[in-house]
Each structure stands twice: as C-alpha cells, then as structure tokens.
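# Topology and contacts: notes
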Amino acid sequence: MYDWDDLRIFIAAARAGSLGGAAQRLGVDAATVGRRVARLESALKSTLIVRSTTGLQLTAAGAQLLDIGLEAESAMEAAGRVTQPDAPAGVVRVSASEGFGVTLMAPALPALRLAHPGLRIELAATSGFLSPTRREVDMAITLAAPHAARLIVEPLTPYQLALYASPDHLHRNGVPKTVEDLSRFDIVGYIDDLIYAPELHYLDEVQPGLAPHVASSSIRAQREIIAAGGGVGVLPCFLAEGLVRVLPSILIERRFWLATHRDVHDTARLRTVRSWLKTLCQEQQSSLRPY
C-alpha cells in the first residue's frame, strides 16, 4: 500500500512539471517533494517520472497513475463538498492569456478576494495555456473552444484587435493611408514559430505575407515596443491605451472561451469565479469591443 499524501504530492509534481514548482504550490521544499515521489515509486515498484533539461517527464506508468490520481482527487473534493456544498472557499487556479490576465483580471482580483475571503486565486497569465483536462488548472480562458470530453466549454466574451502605433512614431514617419503603406513602417508582431494558437496569426489578416521586423512571444512586450516608438502592430484594443489607431478599416474580431473541468464545474468556488469573470467582461465591454 502507498500513502495517499504521496500520491497528492506526485500529482502536484506532474502538474508543475518540476519539483520546485510543486514545492512552491505545496508549501514545502523541493527535497521533500522528491523524497515523497521516490517513496511512492518504491511502494508501487515502478518509475513514475524522469528528470530532463526541460523538467519532469512522466513515464507510461506515471501517466496512467496521474489519470487515476486525478479521478481520486475529484472524488475526495466531492466528499469534502458534502458538508459545505455552497461555500465559495478553496483554491481556484485560472489560466489566461497574458494580455487578458494581466490587464483585465489582475486589477480586479483584490475586489474578488474582498468579497469572498475564503477563496485563494492563482492566476497563470502566460503566453500559452495550461490544461484543465489534466487538472493543471481548474479553469482556462482560451482563444479557441477546446474539445475534450472532460471539459465544459462556454463562450466568455468577444473582443476586438486593431493596428496601433505611438504618437511619436507617427510624427516621425507619417500616418499610413493604405495597407500598402505599411511597407514603409517597422512592423511589430509575434515570433512565427512560437505562436501557440492559430488565432494569433493577426498579420496575415492585415495583409498576407506581412512579417514583423521586431517580434516577441509576449503580447505585453509587443505593446511596450509599439509604445516606445518601435513600429506598427496589431493589439487587442484593451491593451491600446495611450496609442493611436491606424488604418481604421482594419478591425479583427476574436472570442475568449471559458473551459472548466467537468468534475469541479459545479463547485461553489468555480461557480463564484465563473460568475465574476462574466460580470468583469460585461463591465469591460467598452475596452474589449470599443468599435
């Protein structure tokens, strides 16, 4: 037999992809995480993870155990809700795109905590998304609707993107009158082979073959490059404060989607955060869809 707590620590390590990441989430040191995973491997007489330069990799046995462990974890959570089915308390980890997470969610989180002090929010606002399917997160805000039987997916909000430049850049270089005029300007955009979703191929919608002269995998970095006079680029309108919109005929429409794991979708804490997100998006419509 093995200790359930060792399985819990193994699940945390698998989600984090590193001993250090799991240790930070669990509030212990990395050596303890490694020791407990090793103890679980010894009890099961099987290698569960291997270390590589990119982090922890699951073996076939580790992947199988993770699936079983996630089901067990969901059952334990369901048992815990029996006595407090409507208490919005506990950890909710949300994955969101960098722009949405940093610009819209982060400033609103203190008010959510004030209204629901029992909640602990973990915001993973990065380039790319963590997966609720494997319970890396409880909830994901994505650029496209994910397809997985374990997920409940719903539209969150549409939003708009347009071409922007800094006032200083336009003063020095003039204002483009047509799409063809963009050949006179430095273009800011994504690094092509680091684009993690097809919805981010904005420049091809502006003009097929349009390529950036300055590129970043981070939309926040692109915004700062544009603001510093580095060129013209496509940005979500909610990131464009202080910038000047150019070529008003160019307006790109996208939609954020909200995905939650079926096992936790109806918990009080997930219902609370889901409702908060929908209200936040309604309140921010003038930023999300200004045109």
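Provided above is the structure to which this section pertains.
Below is a summary of the structure that appears in this document.

Reading the values: the criteria
- Every residue gets a number counted from 1 within its own chain, in the order that chain's sequence is written.
- Where local features are concerned, this predicted model is filtered to residues with pLDDT of at least 70; where side-chain atom pairs are given and counted, the filter is 80 or more; whole-chain, interface and lining totals use all residues.
- To get the side-chain values, take all heavy atoms of the structure and skip hydrogens and water.
- Helix and strand assignments come from DSSP, with helices taken as H or I runs of at least 4 residues and strands as E runs of at least 2, each series counted from the N terminus.
- Residue contacts are counted whenever heavy atoms from the two residues lie within 4.5 Å of one another.
- The angle between two axes is taken between their N-to-C directions and runs from 0 to 180 degrees, where each axis is a line fitted to C-alpha atoms and a helix contributes only its stretch in contact.
- For any pair of crossing helices, the crossing counts as left-handed if the nearer helix is rotated counterclockwise from the farther one by less than a right angle, and right-handed if it is rotated clockwise.
- Gly falls in the polar group here, along with every residue not listed as nonpolar (Ala, Val, Leu, Ile, Met, Phe, Trp, Tyr, Cys, Pro) or charged (Asp, Glu, Lys, Arg).
- If an angle is under 35 degrees, it is roughly parallel; if it is over 145, roughly antiparallel; if it lies from 65 to 115, roughly perpendicular; otherwise it is oblique.
- In this scheme Phe, Tyr and Trp rings, the latter by its six-membered ring, pair at centre separations within 6.5 Å, and the angle between planes marks the pair as stacked below 30 degrees, edge-to-face above 60, and tilted otherwise.
- The buried label applies to any residue whose accessible area, calculated with a 1.4 Å probe on protein chains only, is under 20% of its type's maximum; exposed applies above 50%, and partly exposed to all values in between.

Along the polypeptide, Thr260 turns up in strand 10 (residues 244-261). Those residues within four positions of Thr260 in sequence are excluded, and the remaining contacts are Asp138, Met139, Arg150, Leu151, Ile152, His265, Leu270 and Arg274.

In the contact formed by helix 1 (residues 4-16) and helix 3 (residues 30-44), the axes pass within 9 Å of each other and the chain directions differ by 120 degrees. Once helix 1 is placed against helix 3, the crossing between them reads as left-handed. For the pair helix 1 and helix 3, contact is made by Asp5, Asp6, Leu7, Ile9, Phe10 and Ala13 and by Val33, Arg36, Val37, Arg39 and Leu40, respectively. The residue makeup of the contact of helix 1 with helix 3, split by class, is seven nonpolar, no polar and four charged.

Between two packed helices, both the angle of their axes relative to each other and the distance between the axes serve to describe the pair. Look at helix 1 against helix 2 (residues 19-26): their axes get within 7 Å of each other, and the N-to-C directions meet at 120 degrees. Between helix 1 and helix 2, the crossing angle belongs to the class labelled oblique. Seen from above, helix 1 lies across helix 2 with right-handed handedness. Taken together, the residues of helix 2 that come into contact with helix 1 (itself represented by Arg8, Ile9, Ala12, Ala13 and Ala16) are Gly21, Ala22 and Leu26. Residues that form the contact of helix 1 with helix 2 fall into these classes: six nonpolar, one polar and one charged.

This part takes up the packing of aromatic side chains. This model, assessed by the stated rule, comprises five aromatic pairs. Judged by centre distance (6.1 Å) and plane angle (55 degrees), the rings of Tyr159 and Phe238 are tilted. With Tyr159 in strand 6 (residues 151-165) and Phe238 in the loop between strand 9 (232-236) and strand 10, this pair connects stretches of sequence that are 79 residues apart. Here Tyr159 and Phe238 have matching classes, each one buried. Their ring planes at 10 degrees and their centres at 4.1 Å tell us that Tyr159 and Phe256 sit as a pair that is stacked. Highlighted residues: Tyr159 in strand 6 and Phe256 in strand 10, separated in sequence by 97 residues. Of the two residues, Tyr159 and Phe256, neither departs from the other in class, the shared state being buried.

As far as function goes, none of this settles anything; it's purely spatial.
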